[in-house]
Amino acid sequence: MLPGMQWLELALRVGAVTVAFLVLPLLVGQTEHKVMAHMQARLGPMYAGGFHGWAQLVADGVKFIQKEDITPRAADSPVFKLAPGVALIPYLLALAVIPLGPGDLVGEPLDIGLFFVLAIVGVGVVAVLMAAWSSANKYSLLGGLRAAAQLMGYELPFVLAAASVAMAAGTLSLPGIVEAWEPWWLIWQLPAAIVFFISGLAEIRRPPFDMPIADSELVFGYLTEYTGMRFAFFLLAEYVGIVVISALTATLFLGGWHGPMAESLGWLWMLLKTAAVAFVVIWLRVAWPRLREDQLQRLCWLVLVPVSLLQLVLTAAVRVAMVQS
Amino acid sequence: MTVITLADIMFGAVGLVAVGAALAVVSTSHLVRAGLWLVVTLGAIAVEFLLLRAEFVAWVQVLIYVGAIVVLLLFAVMLTKAPIGRSTDLDRPIWPALLVGAGSGLGLATLFAWVYASDGISAPPVGSAEKLGQNIFRDWVLPFEVLSVLLLAALVGAIVLSKKDAKS
Amino acid sequence: MRPKGVFGVSVPGSGLGKGLAVTIKTLVTRSTTQQYPDVKPELPPRSRGVIALREENCTVCMLCARECPDWCIYIDSHKEEVVVPGAARPRQRNVLDQFDIDFSLCMYCGICIEVCPFDALFWSPEFEYAEHDIRNLLHNKDRLGEWMETVPPPQPHDHRGEPSKEEANAAKKSGAA
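(A) Up close: a negative patch on the surface. Residue and element names in this part refer to chain C. There is a patch of like negative charges on the surface, built from Glu55, Glu56, Asp142, Glu146 and Glu149. Structurally, Glu146 is set in helix H4 (residues 141-146). Among the residues examined, Glu146 registers a relative accessible area of 52% and is labelled exposed.

(B) Representation of the sheet that holds strand S5 (residues 138-139) of chain C. All names here are of chain C. Spatially, S2-S3-S5 is the arrangement adopted by the three strands of the open sheet, whose pairing is antiparallel. In the strand order of this sheet, the two ends are held by strand S2 (73-82) and S5, each with one partner. Bridging between S2 and strand S3 (residues 91-102) involves 10 bridges; their strand directions are antiparallel. The residue bridging His78 from the neighbouring strand is Val95, located in S3.

(C) Layout of the environment of Gly20(B). Position of Gly20(B) relative to the elements: it lies in helix H1 (residues 6-27). For the pair Gly20(B) and Phe75(B), spaced 55 residues apart in sequence, the C-alpha to C-alpha distance is 24 Å.

(D) Up close: the interface of chain A and chain C. Across the boundary between the two partners, chain A contributes 15 residues, which contact 12 residues of chain C. For the chain A and chain C pair, buried surface summed over both sides reaches about 1200 Å², with 70% attributable to carbon and sulfur atoms. Viewed at the interface, chain C and chain A are joined by zero salt bridges. Seen at the junction of chain A and chain C, the total is four residue pairs in polar contact (both at pLDDT 80 or more). Breaking the side of chain A that touches chain C down by element, the ones donating at least two residues are helix H1 (4-39) and helix H10 (262-287) of chain A. With five residues, the top contributor of residues to the side of chain A that touches chain C is H10(A). Looking at side-chain class alone, the side of chain A that touches chain C contains 12 nonpolar, two polar and one charged residues.

(E) Just the packing of helix H5 (residues 138-169) of chain A against helix H8 (residues 190-203) of chain A, in detail. Residues and elements named next belong to chain A. Between H5 and H8, the shortest axis-to-axis distance is 8 Å and the interhelical angle comes to 150 degrees. With respect to H8, the element H5 is oriented roughly antiparallel. In the crossing of H5 with H8, the sense of the turn from one axis to the other is left-handed. Two secondary-structure elements touch here, H5 through Gln150, Leu151, Tyr154, Glu155, Pro157, Phe158, Ala161, Ala162 and Ser164 and H8 through Ala192, Val195, Phe196, Ser199, Gly200, Ala202 and Glu203. Among the residues forming the contact of H5 with H8, the class breakdown is 10 nonpolar, four polar and two charged.

(F) Representation of the environment of Ala52(C) within the structure. Residue and element names in this part refer to chain C. Secondary-structure assignment places Ala52 in strand S1 (residues 50-53). Accessibility expressed as a relative area gives 0% for Ala52, which makes it buried. Sequence-distant contacts of Ala52, defined by excluding residues within four places in its chain, comprise Ala120, Leu121, Phe122, Leu144, Trp147, Met148 and Val151.

(G) Focus on the interface of chain B and chain A. Contacts between the two partners involve 26 residues from chain B and, on the opposite side, 30 residues from chain A. Interface area, chain B with chain A, both sides summed: about 2300 Å², of which 85% is carbon and sulfur. On the chain B side of the contact with chain A, Trp59(B), Leu63(B) and Ile84(B) bury the most area, a combined 28% of that side's loss. Inspection of the chain B/chain A interface yields one salt bridge. The partner of Arg33(B) in a salt bridge is Asp76(A), and the shortest N-O contact between them spans 2.3 Å. Put simply, chain B and chain A have one residue pair in polar contact (both at pLDDT 80 or more) between them. Put simply, the parts of the chain that give the side of chain B that touches chain A at least two residues each are helix H2 (31-51) and helix H3 (55-80) of chain B. Examining the composition of the side of chain B that touches chain A, we find that 15 residues originate from one element, H3(B), more than from any other. The class makeup of the residues in the side of chain B that touches chain A is 21 nonpolar, three polar and two charged.

Basis of the calculations
Residues numbered from 1 in each chain as written. Chains lettered and ligands numbered in written order. Predicted model: local features only at pLDDT ≥ 70, side-chain atom pairs only at ≥ 80, totals over all residues. Heavy atoms only, no water. Patch = residues over 30% accessible without salt bridge, like charges linked within 9 Å, V, L, I, M, F, W, Y side chains within 5 Å. Areas by Shrake-Rupley, 256 points an atom, 1.4 Å probe, with all protein chains shown as cover. Salt bridge = Lys/Arg side-chain N within 4 Å of Asp/Glu carboxyl O. Lys, Arg positive; Asp, Glu negative; His and termini not counted. Charge placed at Lys NZ, Arg CZ, Asp CG, Glu CD. Helix = DSSP H or I, 4+ residues; strand = E, 2+ residues; numbered from the N terminus. Buried < 20%, exposed > 50% of the residue type's maximum accessible area, 1.4 Å probe, protein only. Pairing = 2+ DSSP bridges. Contact = heavy atoms within 4.5 Å. Buried area = accessible area lost by both parts, 1.4 Å probe. Polar contact = N/O pair within 3.5 Å; in protein donor to acceptor, adjacent residues only side chain to side chain. Nonpolar A, V, L, I, M, F, W, Y, C, P; charged D, E, K, R; others polar. Axes fitted to C-alpha atoms, helices over the stretch in contact; angles between N-to-C directions. Parallel < 35°, antiparallel > 145°, perpendicular 65-115°, else oblique. Left-handed = near helix turned anticlockwise from the far one by under 90°.

By themselves, these figures tell us nothing about what the structure is for.
Here's what the structure looks like:
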């Protein structure tokens with residue numbers, strides 16, 4: 001059994017991760033509201049909360065709670081109701097192992113954190129399939145099938161790019177990778193970083209990879225039949241997904257908490273880098289059109305996979321050369 | 001007499017979940033739900049690996065089996081035929097299945113109990129990635145490579161099957 | 001014609017770059033959105049919002065009502081005799097009884113204001129007089145008179161524009177003389 005102090009510490013860590021899980025997606029969502037609006041020469045929300053609509057997402061949450069909770073009569077009710085939870089939990093767990101700062105500033109320092117994150121993010125697709133199939137709606141099913149095809153394709157470059165940086169660092173632990181990171185890796189691991197970011201975008205089904213949702217052709221894809229809190233959970237999952245992918249990109253390829261005065265300000269650097277990547281995620285949504293299904297698969301198999309394999313070769317070569325010398 | 005620890009109890013409980021879910025996989029008449037029960041089974045097995053301190057194997061289990069294989073299976077089921085509700089036309093011979101399943105299960109159980117009854121296994125070392133890598137690529141590299149040849153053969157076979165035959 | 005990129009060769013992906021550039025440029029440019037109900041718009045002084053009536057200038061000449069293309073001005077009056085001490089006969093003058101503009105018909109052409117010979121009608125930039133009932137859009141002379149407060153002072157003449165007719169005539173006369 002754990003002594004009292006350790007229980008307290010555990011509770012503190014779980015609490016901190018939960019707070020991050022609840023607050024960071026809202027920040028990203030609000031930023032998306034405002035950034036997207038200004039990129040389209042609009043103002044975005046201006047009323048809720050008074051100052052520049054800062055409480056818009058809180059108001060949205062209140063609205064979602066008030067909505068009727070509808071399960072279609074033809075739907076497979078238990079699966080339909082379970083899917084939003086299954087969509088949300090993997091990201092919560094993933095947030096727990098991403099290091100925020102040097103030393104012990106991480107929810108749970110796992111020896112093979114990288115592998116854990118990759119595995120758990122991959123589980124999200126099960127939720128998509130559950131939602132798609134149980135809705136008893138042809139648009140939902142089409143969206144789900146597109147999502148499954150997309151996620152299984154992009155899982156490969158996603159894992160390969162992450163493997164490259166793990167090879168470079170010689171460890172699978174996320175704090176270990178950040179520890180081993182050096183600025184010149186920015187160039188050495190650049191192809192892997194780009195591949196990882198692109199396939200990460202595809203993993204969380206963000207535009208330009210939102211073929212499974214594609215509201216101009218599939219109503220709202222696998223989310224068509226969802227309303228109220230269950231829909232809100234799916235939305236929350238999408239924004240936690242942005243946080244997780246941004247934080248992972250920052251951790252693996254941008255040096256995590258490295259920066260001036262990293263000992264005391266490491267957490268700030270990590271948050272800033274994550275925010276910068278999240279901004280790019282939003283930016284791409286505004287600027288780029290959706291990829292067609294065949295373009296999507298072509299990009300994955302003919303560009304990303306070969307690039308990530310070449311990067312693996314490069315990483316191995318440089319690594320061996322470093323060990324030899 | 002060994003002391004039953006919390007880990008032992010959890011191991012048993014999770015094992016029950018795995019077996020129960022596995023039974024649900026083969027007994028449910030909802031096709032897609034069978035696939036979802038498979039997720040539960042494989043997830044429970046991953047937890048068992050965790051309880052045995054084989055973290056790496058556990059997460060490989062999640063990544064490959066839950067994240068890829070079951071998804072592929074569900075994908076295929078949904079692509080071909082995915083009715084919501086019971087399917088009445090399932091071809092499920094109960095008795096042969098029961099015989100084979102129970103037979104192999106009981107056989108394996110007695111085999112292991114018989115082999116390890118007298119001498120207990122010493123606590124396994126933590127299944128870290130490093131140890132696993134050393135095992136696979138140093139001690140067991142030949143079986144590993146043979147396995148990959150098998151996979152390659154399957155891959156070639158899949159390509160041949162899916163290629164449009166010019167002659168016919 | 002597809003636009004050509006660098007050196008006349010279209011670079012693959014240049015469209016993506018352009019998309020990023022346009023969006024980031026728009027992001028850092030100030031948005032021109034008007035916060036209307038919270039912030040009143042700054043309308044130019046010659047905006048055609050509503051027509052105001054200076055009742056004491058009106059002589060009931062009926063020019064406005066007659067020129068109005070969609071007949072939305074209703075005028076009624078009676079004659080009054082004014083006894084001027086020392087004059088041979090009492091004078092007659094028109095007294096305005098009714099001056100209504102139906103803004104549900106008005107098309108804001110401004111002809112009535114142009115033709116008014118006695119400066120009784122003015123444009124005001126006020127525009128917040130929507131009504132729930134269309135009949136309330138018929139403004140009577142009191143309501144039209146209230147708009148007078150909102151009429152901006154006459155604008156100084158644009159020094160690069162054409163000179164006014166009066167000025168041009170005066171110049172012609174002095175030049176001819």
